[in-house]
Structure formats: structure tokens, C-alpha cells
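Observations on the three-dimensional arrangement
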Amino acid sequence: MFYEVLSNIMSLVIDLTILYMVLFFLSLNIVFCIEIEIKEFYPQERYALLLIRDSLNSSVDLHGNWTGPPCINNISRWFGITCSNWHVVHIIIQGVNLRGYLPSTVLQNITFLRRIDFRNNALFGLLPNLTGLVFLEEVKHSFNHFSGSIPLEYVELLGLQVLELQENYLDGEIPPFDQSSLRSFNVSYNHLVGKIPETSLLQRLPKSAFDDNSELCGKPLDMSCPPSMEKNKKKLQVWIIALIAFGAGLFLFLMIIAFLFCKRKARGNERRRNGSSRYTFGAWASNVGNSEDSGRLGQLEFFDKKLQAFDMDDLLRASAEVVGRGEFGVTYKATLETGNVVAVKRLSYMNELSKKEFVQQMQLLGQIKHENLVEIISFYHSEDQKLIIYEVVSDCTLFELLHEGRGIGRIPLDWSTRLSIIEDIAKGLDFLHQFLSSHKVPHANLKSSNVLILQTNQGYHSKLTDYGFLSLLSSSNKNAEKLSISKSPEFVKGKKLSHKTDVYCFGIIMLEIITGKIPGGGEVEETTGNDLSDWVRTVVNNDWSTDILDLEILAEREGHDAMLSLTEIALECTDLVPDKRPKMSVVLKRIEEMEQMIKEND
């Protein structure tokens, strides 16, 4: 009996052992299968997307969102990415202030790509190379800052259905597009030249697809091409035939040379339209003077009588290039025939103000003279056009200095330079508050992109621009939402605006300089809903913490006390209650005392 029970127990133990072993190996198999499934993605596609992520800034947190595999079967958790069968097929990232240079060949590794949509961003440089993307159906790059020519390879995208390139700075001739699949095509508002190719596709498109290209001619436009251009076209065709006859090898060699030339031409500052100095300001602003005021183009009022005066005819003949686009218009750098250089801003959304009111406000703003404010030289008013002519401050904006070119090779912006820039901004804003004391909000559009930076032998010198815009809008004008004051708590809640609203904007700029973060972007947006000051308060809690500091100044330990003291001032400036914010004169005094203390300690 005993042996029988023992035998049953042993049998049961063996059965359980076998069962556990089966379950163990089964679980290993499940884990292994899951691991294999998770790892089943295409590294070259992920690498291409990460290269895009690391090359650009935006108002969404791509660094926090684009992690792990981009595709799991037909699903992607990556912002703007759509997948099918583990492959990336759509990249749709529009209207998120995507800013920077898109690497030219990065998209070629995403071989199953069908849709690319980068509309309404701030991408610079040449259009991306799309060679080999045989599945591509839609390419939407409109409303960006792309420059250079339209790549000839785009003609070889035989499945392309949509090509939207309007509102960029593209130049050169239009390639001979004639794909039967192409149903939507737009290259308007660029700087394309030459005759529109006489392909069946381009000839049947509406005029609006080619509008506002100053040197474009031929059908369907109403502008016929000059005979000299036709002769040149015929010569060009003969030359192309000769090249083809000469051999494919030589043709390939010439294409490589042309690519290298274009790349060299774009190097240095691809943000601005290449070769734009070939265009006159009159070509950019073709309807200046086409109004009842056209007979009085020469009547410009100059606020500084020492400056060499010029009239509107001189300005229209000046060579010009676009140097910036803002919420209220486009800014051009114009070089007059005399060699003098000025900045010209064409204003938009300011038609509700009467001519008398506009002239009065501009005459007041023209009297402002301060070393930290961009000087207004003159202005122009007509029914169709409103221009403000400024002195030129060349180098860059504070936004570009802080945020562009981050990564390997960037020269860090040290703490003493940042403190000097903050002091310059404070001086300029304090002067505005004194000179325009009767104005509700003297500056009203203070942000890092409206702080111009000039580098001299003594260091960086800062000047504020786009000031006084609120006074140029009628009281009922909803376009005040385009000004930086629209981010203030009182504006959002519909409460009274004051000088303290400018103080709020100044506090945000201070925090941007200290943290290196873009207000309303990335980590800040996820944490606080667009308010940089809320994010800083969340991070530091009750004890001041160096976690908020930009990595570029984190190593300067001797400056931590000053950095955190300045952060405290910035948080006072961004208090939710306007009355609790200090006056600008008080803020400037505290900053100057801090800098003096630092100099004495050194």
C-alpha cells in the first residue's frame, strides 16, 4: 500500500514537472514571437525620420513623440506618421512651426512613401530630393521658405497626383511636367522665370497656378514671352539635343556639376531666397503706386534730415531680397542705386485705420531714437500699400541665435552674452514705455523673433523692432490676436491691457534666454499648455533648481546664482495678475544692479 501511494505521488510530480516545462517553453515562445514582432520594422525608414526630427524645431515635441519603432503593423504612435504593412506611407506635419533645413536626400530612404505634407511651416533651403519614390502621389510644400529651383527629377514621379509649391522663394524655370496622373499643380507666389513649358498638362492649367511670378511668361498667363527669350529657348533646345547626342555619361557629369553649384550657392544662408538681389523691390511689390496716390510716389517724409533722401521711384528700382515674414507682412532688404541699404516692411491687415490716423501714428513712432530700438526712417501710405522703412540691422534675430543650429558644431551662447542681451532688451522697452507713456501697450509685439542682433567687436548688440503696432490697428480690429500680447493672461481673458502686458512678454523672453526653450513648443507645450513661465514654476517647485537652465550655460556654475535670481525676476514679470508685475523701470534697475555686482565680483 505504501509503495502504491508513493508511486502515485511520484507519477503526479513527474506530470506536474512536465506540465511546468511545457508552460515554460510555451511562454518563452510567446515572448520570443512578441519580441520578433516588435523588432519587425525597417531601420532605414526610422533613421530617416530621426534625421528629420533632429534637424528641425517645431511647436510639437517630436523628440518626445518620435521614439521606438515608427510602425507596429498598420499603426503608428508617431505624430504625423501613417503606416501600412510596417512601412511609413504618409508624413503629414502641417502648421506646427516646423523650422530649419530639411536634409535634401532624407526622404529617399522611405521607399513606400505616398504622401508628403509639410504645408504652413518655416522650412528653409532646397526642395528635398524625391528620386526613386515610385509610390509617391502627393507632395505639398506650400507656405514655407524653400528656395532654389524645382528639381528636374520631380518630372520622373510618374504616379504623382498633387504638387503644391506655392508661397515659397523658388526661382529658375519650371520643369516640363506632363504626368497624366497629375490633377493638382500650383507654383504661384514664387520667383520663377522663363517660359512655361508647352506640355499638355501645364497648358491646360488655370492662370492661378502660376500667378505672382514676376518673370514668368507664356500660356496660360496673359504675359507673352519676348522674342529674345524665344530665340534663347530654341538655342537651349538645340544645346540639349547636342548634349544628349554627346552621351549619357557627359550629361550625368554636367548634372552633378550643376547640383554642386546649386549647393554651393545655397550654402551660408539658405533661409533667404537665393539670388533674390536680381529682383527689384518694384517686382516684389508690383502694385505699389497702383492707386489714386500713384502721382505722388516721391513724397516720402524722412524723420532724420541728415539721411540722404530718396523717393518711391528710387525704392521701386532698388534691388531687393526677402529677409523675413511675420504676422503683419513681409520684410525686404532693399539696396538703392546710391548704395544705401534699407529694410522695408509691407504691412498687411492694417486697412481699417484712416490715412490721417496712420500718418499721425507713424510721425510719432518716427521720432523715437534709442540705441536699442530699430530706427524708422520713413513710411509710405496708399489705398493699396502701407510701407515702413527701417534702418538695416543685419546679422540675425534672437530666436535664430538661441534656437537654430543646435547640435554638433554650434558655438554655445555663454551666460554673459545672454545677460547683456537681456539688459539691451530691457533698456529699449523701458525707453518705449517712457516715450509712449500714453499708449495702452507701447511695444505690443515683443518676442525673440522681433529682437534683432548685431555682432560687433564689443560683443552682441540688440535692437527691438515691430514696436507700436497696436496703435496702427483700429480698436475693433481682431488682428491684435496676431501680436505677441495675445499670449498674455489678460488678453486671453478679455481684460484690460496695459504697460504690464509688455512686461509679461519681456518675462517670457527672459525665460526663453535662460532655459533655451521655445515658448509654447515641445516639452513646454505638453507640460503647461503653451506658457513657459508655468513650466518653469512646475520644475523649480519651492526650491530653485538648475534643471531649468539651458545646457549651454549649465556648466557655468559661477553664474548659477545670477541665472536663478534673474529667473525669479522673470517669474515676477509673468505673474498672472498684471498689478503684481513690476514696472519696466524697476526691472531694468534690478538687472543693471545685478550686472554691476557681477562685474565687481570679477
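Structural data are supplied above this passage.
Quick look at the structure, then. Treat the numbers as computed from the prediction; the structure is a model and nothing was measured. (Residues numbered from 1 in each chain as written. Predicted model: local features only at pLDDT ≥ 70, side-chain atom pairs only at ≥ 80, totals over all residues. Heavy atoms only, no water.)

The next subject is the overall build of the chain. When its secondary structure is counted, the chain shows 18 helices and 22 strands. Relative to its 602 residues, the chain shows a buried fraction of 48%. Looking at the chain as shown, the accessible area adds up to about 30,300 Å², and 54% of this sits on carbon and sulfur atoms. (Helix = DSSP H or I, 4+ residues; strand = E, 2+ residues; numbered from the N terminus. Buried < 20%, exposed > 50% of the residue type's maximum accessible area, 1.4 Å probe, protein only. Areas by Shrake-Rupley, 256 points an atom, 1.4 Å probe, with all protein chains shown as cover.)

On to the sheet that holds strand 11 (residues 184-186). Within the open sheet, the six strands sit side by side as 2-3-5-7-9-11. Their pairing is mixed. Only two strands of the sheet have a single partner each, and these edge strands are strand 2 (81-84) and strand 11. Recorded for the sheet is a direction-independent mean angle of 20° between the axes of neighbouring strands. Here three bridges tie strand 5 (residues 115-117) to strand 7 (residues 138-140), and the two strands are oriented parallel to one another. Note that in strand 7 the partner of Ile-116 across the bridge is Val-139. (Pairing = 2+ DSSP bridges. Axes fitted to C-alpha atoms, helices over the stretch in contact; angles between N-to-C directions.)

Together, Phe-112, Val-134 and Phe-135 give the surface a local cluster of nonpolar side chains, amounting to about 280 Å² of exposed area. Mapping Val-134 onto the fold places it in the loop between strand 6 (122-126) and strand 7. You can call Val-134 exposed: its relative accessible area is 61%. (Patch = residues over 30% accessible without salt bridge, like charges linked within 9 Å, V, L, I, M, F, W, Y side chains within 5 Å. Salt bridge = Lys/Arg side-chain N within 4 Å of Asp/Glu carboxyl O.)

For the rest of this paragraph, the subject is helix 11 (residues 415-435). Helix length check: helix 11 (21 residues) gives 30 Å between terminal C-alpha atoms against 30 Å at 1.5 Å per residue, within 8%. Within helix 11, 15 of the 21 residues are buried, which leaves the element mostly enclosed by the surrounding structure. (Expected span 1.5 Å × (residues − 1).)

The full count for this structure, using the stated rule, is 18 salt bridges. In this structure, Arg-418 engages Asp-550 in a salt bridge whose closest nitrogen and oxygen atoms are separated by 3.1 Å. Taken together, the residues Arg-418 in helix 11 and Asp-550 in the loop between helix 15 (532-540) and helix 16 (551-554) connect sequence positions 132 residues apart. Overall, Asp-550 belongs to the buried group, its relative accessible area being 4%. When the shortest N-O distance is used, the salt bridge between Glu-423 and Lys-427 registers 3.8 Å. Pair noted here: Glu-423 and Lys-427 are both in helix 11, with a separation of four residues, about one helical turn.

Let us look at the packing of aromatic side chains. With the rule as written, the count across this model stands at six aromatic pairs. The interplanar angle of 15° and the centroid separation of 5.2 Å between the aromatic rings of Phe-112 and Phe-135 together place this pair among those described as stacked. Within this pair, whereas Phe-112 is found in the loop between strand 4 (99-101) and strand 5, its partner Phe-135 is found in the loop between strand 6 and strand 7, the two being separated by 23 residues in sequence. Note on Phe-112: relative accessible area 33%, which makes it partly exposed. Exposure remark for Phe-135: the relative accessible area of 41% places this residue in the partly exposed category. Note on Phe-358 and Phe-379: the rings are 6.1 Å apart at their centroids and 70° apart in plane angle, and the pair reads as edge-to-face. Taken together, the residues span a long stretch of sequence, with Phe-358 in helix 9 (residues 355-365) and Phe-379 in strand 18 (residues 376-381) at a distance of 21 residues. Summarising the burial analysis for this pair, Phe-358 and Phe-379 share the class buried. (Phe/Tyr/Trp six-rings, centres within 6.5 Å; stacked < 30°, edge-to-face > 60°.)

Covalent bonding between the sulfur atoms of two cysteines defines a disulfide. Applying the stated rule across the entire model yields two disulfides. Each disulfide pairs two cysteine sulfurs, and for Cys-71 the partner residue is Cys-83, the sulfurs being separated by 1.9 Å. Because the torsion about its S-S bond is -75°, the bridge between Cys-71 and Cys-83 counts as left-handed. With Cys-71 in the loop between helix 3 (62-65) and strand 2 and Cys-83 in strand 2, this residue pair connects regions lying 12 residues apart in the sequence. Given the relative accessible area of 0%, Cys-71 is considered buried. Assessed through its relative accessible area of 6%, Cys-83 is described here as buried. A sulfur-sulfur distance of 2.1 Å marks the disulfide that ties Cys-217 to Cys-225. Residues Cys-217 and Cys-225 are joined by a disulfide whose S-S torsion is about 100°; by sign, that bridge is right-handed. The residues Cys-217 and Cys-225 share a single accessibility class, namely buried. (Disulfide = S-S within 2.5 Å.)

Turning our eyes to something else, we now look at the pairing of strand 6. Of all five residues in strand 6, four are buried, a share of seventy percent or more. Note that strand 4 and strand 6 share three bridges and pair parallel. Counterpart to Arg-99 in the pairing with strand 6 is Ala-122.

Turning our eyes to something else, we now look at the sheet that holds strand 20 (residues 396-397). Taken together, three strands build an open sheet; the order of strands is 20-21-22 and the sheet is antiparallel. What marks the edges here is a single partner per strand, and that holds for strand 20 and strand 22 (459-464). For strand 20 and strand 21 (residues 451-456), the ladder comprises two bridges, and the chain directions are antiparallel. The residue of strand 21 that forms the bridge with Cys-396 is Ile-453.

At their nearest, the axes of helix 11 and helix 13 (residues 499-515) sit 10 Å apart, and the two run at 170° to each other. Comparing their axes, helix 13 and helix 11 come out roughly antiparallel. Residues Trp-415, Arg-418, Ile-421, Ile-422, Ile-425, Ala-426, Leu-429 and His-433 of helix 11 form the contact with helix 13, whose own contacting residues are His-499, Asp-502, Val-503, Phe-506, Ile-509, Met-510, Ile-513 and Ile-514. In terms of residue class, the contact of helix 11 with helix 13 is made up of 12 nonpolar, two polar and two charged. (Parallel < 35°, antiparallel > 145°, perpendicular 65-115°, else oblique. Contact = heavy atoms within 4.5 Å. Nonpolar A, V, L, I, M, F, W, Y, C, P; charged D, E, K, R; others polar.)

Such coordinate-based values are descriptive only and should not be taken to indicate function.
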